[in-house]
Amino acid sequence: MFQVKSIVLTAALFGHASATTGCYSTYINGGSYSAGSQVSATKVTETTTTTACTVGDTGCDADGYERETTTTSETNNYECTEGAWCSQSAYTPIGIYSGSAWTKESAECVGTATPATASIPTAWTGGGCPKAYSGGTEYDADDVVSVAKTGYSMVYQCAAKPTNQFCGMDGYSPGTDQYWDDAWSELGSCTGTIAPTDSPSFNVLTDEGGCPGEYDAAVEYEEADKVSKMGLVYQCQSYPQSQHCKQDGYEPGTSIGSGAQIVEYWKDAWSVVGYCEGTITPTTSPDYVSLTDLGGCPEDWSTKSSSDMYEEGDRVASQGLVYQCKAWPMSGHCGQAGYEPDTNPATPDAWKDAWTAVGYCMGTTGPTSAPSFDPANSVGACPDEWAAGTNTAYEEGDMVSVTVSTLPLRQVAYKCKAWPFSGHCGQFNPTQYGGDQGWTLAGSCDGSIGPTASPSFDKLALTGLGCPAEWSASSTDYEAGDMVSYTVSDSPERKIVYKCREWPNSGYCNQGAGFTPGTEYGKMAWTLMGACEGSMAPTAAPAPYAGTCEYRKCVMVESTETNCTPGSTGCSCRSGQTAGVGCTKKVETKVCTDTPVNAWVSSVDYFTNDVVRLGTKRFKCREWPNYFWCRMSAYRPSTESNSIWNQAWTENGLCS
């Protein structure tokens, strides 16, 4: 038979220090708490004692033992130290993880106390309080919200794209949830209110006058194109965002999903620029009012052969408008099928690559003559005709001639550009599309001359630092600012210095032969710095650290506790069983040790709060889910101030 006694232990009875404070309001499981919150909680402990007895005596159980259970309770005050955890049920003040979230007063509390009033943080610079935070809202980058505290409110700002997508999600409530500081920044305290600033307002937008054409999903919109919808005017953003303007899912003012999952992709492609009433003439076609009256019309456009092709400056008429053939190399398209100005439905915009609308006309004029050769611009005798070849067929300064007409015979001379553009000289005919990548028009010519000699190497400005290490396609550790040399000629030796661009372009520096310095795509990764002679020592690696650098690493360690009270939470013995060493339960304890701060290595699975170093600079691994990136080589810490590693690591000071 059990005898249960309930005893409230007093400090005097068990030798504790006398209670010196009253009790704060009682902790509520599931309540909202933040750093500095003060609560009280009562811990109840049951202790069962057994005494041998004679079966049949009052209170003696059938196994010959009398059992007595004593219940004791102790109430203490607690203060929240980790706001992200204090509201979670796994971190109650009297739970096994209490020490990770709460600080306990050593003395018991008695009666009632009023929590100390927290000092009000510095006010933010925006005046009154913005709109209160609302979970599930889709917040834009830099949106500000307020969160009520005890006696004041705090203002928070949503992070930049793409992190702003987390701002309205569960787990990211500013100032309270576990991961809030990944999505929000604390700006300061506030009082009062301010007008909301997030929704577009007609009285603060520009009056655009008449409305442009309604948005049409079938139209191929380009940068700066404007459309209207429900009285608002939207403008297609600049490249590369403009590529979305013509894609499904980016219609201005629309959204997909519902609740916390609402997404407005259109904001990545369009910008609200004003409001409008009525209609205006479409702005994509040429406007007579803004064009020049050129008098009589030149001949109509027609397809041309290679012997009578349109040349730069030639003009044609089409539907009352005058178009002028663009400069070479685009002039090569002017007489081709598919490039008829503004009238070819199969290729509606191709003509813009070849022609420019310059005015309007009435009646007729004689056809404009092709440009005549300027004798004063002659280079003299003609060099050899251009012939296709490899990227080494021609060198800087080589000259070739191209016949542009046979009756009368007209030839022009072109000069091969400096390296690296000289690599295109054998690939593209000077007068065809792409030819301007390697050739420069030198002038007209007459007669013939022998082949020009290969030019001597006109050096670029010397860097004065000697030649750095040769570029390697197999390297994977180039960073922004790293310099390499690239050999363009062995005899005589000619080397060029390139510098790895800033992030994010620096990522291309490690992508092998596809981004070789001096090539078409190499420009995305490398910047030409100049020529070099001799050699120089490689740039210094991060300063080696010879001292002792440590950080406090804390982990939860599981252990087995014996002699637990039968029937208590986690105890292996059920209520009614005899207590003893066979009654065990698992207990987790927070253990902190001083751990060396080592350099980042790919073989370690890093977790939140792990610290590594680069030279003497320390980096701390972010919280979930970002810590998954900490172990990936692409996210290892580097000296670049604005790089992808910031998504996994934060700077953590210096090793002393």
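The shown structure was predicted, so the numbers you read here are calculated from the model rather than taken from an experiment.

## Considering the overall build of the protein chain
Scanning the protein chain from N- to C-terminus turns up four helices and 28 strands. Out of the 656 residues in the protein chain, the part that is buried amounts to 33%. Taking the intrachain contacts of the protein chain between residues at least 6 apart in sequence as the baseline, contacts between residues at least 24 apart amount to 60%. Total accessible area on the protein chain stands at roughly 37100 Å², and carbon and sulfur atoms take up 51% of it.

## Some words on the side chain of aspartate 182
Within the fold, aspartate 182 resides in helix α4 (residues 180-183). For aspartate 182, which is buried and forms no salt bridge, the nearest opposite charge comes from arginine 622, at a distance of 4.0 Å. Those residues within four positions of aspartate 182 in sequence are excluded, and the remaining contacts are Ala159, Thr163, Tyr172, Arg622, Trp624 and Asn626.

## Here's the deal with the confidence of the model for the protein chain
Residues with a pLDDT of 70 or more make up 83% of the protein chain, whose mean pLDDT is 79. Within the protein chain, strand β27 (residues 617-621) carries the highest mean pLDDT (93), whereas helix α1 (residues 11-14) carries the lowest (33). Ignoring residues within four places in sequence, the model shows residues 196-203, a span with pLDDT below 50, making four contacts including any to other chains. For the stretch residues 537-544, pLDDT sits under 50, and the model shows four contacts to residues farther than four places along the chain or on other chains.

## A word on the sheet that holds strand β8 (residues 184-190)
Taken in spatial order, the three strands line up as β6-β7-β8 in an open sheet, and their pairing is antiparallel. In this open sheet, the two strands that pair with only one neighbour each are β6 (144-148) and β8. In this sheet, neighbouring strand axes are inclined to one another by 30° on average, regardless of whether the strands run parallel or antiparallel. Sheet topology places β6 next to strand β7 (residues 153-158); five bridges connect them, and they run antiparallel. Opposite valine 147, over in β7, you have methionine 154 as the bridge partner.

## Observations concerning the packing of aromatic side chains
The tally for this structure, following the rule as stated, stands at 30 aromatic pairs. Measuring from centroid to centroid gives 4.9 Å for tyrosine 508 and phenylalanine 515, while their planes differ by 15°, and the two rings are stacked. Judged by its relative accessible area of 13%, phenylalanine 515 is buried. Joined through ring pairs, the aromatic side chains of Phe166, Tyr172, Tyr179 and Trp624 make up one cluster. A cation sits over an aromatic face here: lysine 304 above tyrosine 310, 5.0 Å from the ring centre.

## A look at the pattern of salt bridges
Considering all chains together, one arrives at 11 salt bridges under this definition. Linking lysine 617 and glutamate 651 is a salt bridge whose minimum nitrogen-to-oxygen distance equals 3.2 Å. Of this pair, lysine 617 sits in strand β27 while glutamate 651 sits in strand β28 (residues 649-654), and the two are 34 residues apart along the sequence. Accessibility expressed as a relative area gives 49% for glutamate 651, which makes it partly exposed.

## Overview of the environment of alanine 224
Secondary-structure assignment places alanine 224 in the loop between β9 (206-207) and β10 (226-229). In this structure the C-alpha to C-alpha distance between alanine 224 and tyrosine 234, which are 10 residues apart in sequence, comes to 9.3 Å. Not counting residues up to four positions away in its chain, the partners in contact with alanine 224 are Gln235, Cys236 and Gln237.

## Examining the pairing of strand β11 (residues 232-236)
The buried count for β11 comes to four of five residues, which makes it a mostly enclosed element. The pairing of β10 with β11 spans four bridges and is classified as antiparallel. Residue valine 227 lies in a different strand from β11, and its bridge partner there is tyrosine 234. Inspection of the sheet shows β11 paired to strand β12 (residues 270-275) by five bridges, in the antiparallel sense. In the sheet register, leucine 232 faces β12, and the bridge partner there is tyrosine 275.

## Focus on the state of the cysteines
Scanning the entire structure with this criterion turns up 18 disulfides. Paired by a disulfide, cysteine 80 and cysteine 86 hold their sulfur atoms 2.0 Å apart. The sign of the 100° torsion about the S-S bond sets the cysteine 80-cysteine 86 disulfide as right-handed. For cysteine 86, a relative accessible area of 0% translates into the label buried. Paired through a disulfide, cysteine 129 and cysteine 190 show a sulfur-sulfur distance of 2.0 Å. Here the disulfide of cysteine 129 and cysteine 190 is right-handed, its torsion about the S-S bond being about 110°. You can see cysteine 129 sitting in the loop between β5 (102-112) and β6 and its partner cysteine 190 sitting in strand β8, a full 61 residues away along the chain. We note that cysteine 129, like cysteine 190, is buried.

## Some words on the sheet that holds strand β25 (residues 598-599)
Adjacent strands of a sheet form backbone hydrogen bonds with each other and so pair up, either parallel or antiparallel. Ordered in space as β25-β26-β27-β28, the four strands form an open sheet in which the pairing is mixed. Edge positions in the open sheet fall to β25 and β28, since each of these has one partner strand only. When β25 meets strand β26 (residues 611-614), the two strands line up parallel, connected through two bridges. Across the sheet, the residue bridging to asparagine 598 is valine 612, located in β26.

## A few points about unusual backbone geometry
Comment: phi is negative for the bulk of residues other than glycine, and the bulk of peptide bonds are trans. Of note, the bond from tryptophan 624 into proline 625 is cis; its omega dihedral lies within 30 degrees of zero at 0°. With respect to the element layout, proline 625 can be found in the loop between β27 and β28. Despite not being glycine, aspartate 142 has its phi angle at roughly 75°, a positive value. Mapped onto the fold, aspartate 142 is located in the loop between β5 and β6. One non-glycine residue, methionine 230, adopts positive backbone phi at about 55°. Its place among the elements puts methionine 230 in the loop between β10 and β11. Exposure remark for methionine 230: the relative accessible area of 75% places this residue in the exposed category.

Scoring rules and cut-offs
Residues numbered from 1 in each chain as written. Predicted model: local features only at pLDDT ≥ 70, side-chain atom pairs only at ≥ 80, totals over all residues. Heavy atoms only, no water. Helix = DSSP H or I, 4+ residues; strand = E, 2+ residues; numbered from the N terminus. Buried < 20%, exposed > 50% of the residue type's maximum accessible area, 1.4 Å probe, protein only. Contact = heavy atoms within 4.5 Å. Areas by Shrake-Rupley, 256 points an atom, 1.4 Å probe, with all protein chains shown as cover. Lys, Arg positive; Asp, Glu negative; His and termini not counted. Salt bridge = Lys/Arg side-chain N within 4 Å of Asp/Glu carboxyl O. pLDDT = per-residue confidence, 0-100. Pairing = 2+ DSSP bridges. Axes fitted to C-alpha atoms, helices over the stretch in contact; angles between N-to-C directions. Phe/Tyr/Trp six-rings, centres within 6.5 Å; stacked < 30°, edge-to-face > 60°. Lys NZ or Arg CZ within 6 Å of the ring centre and 35° of its normal. Disulfide = S-S within 2.5 Å.

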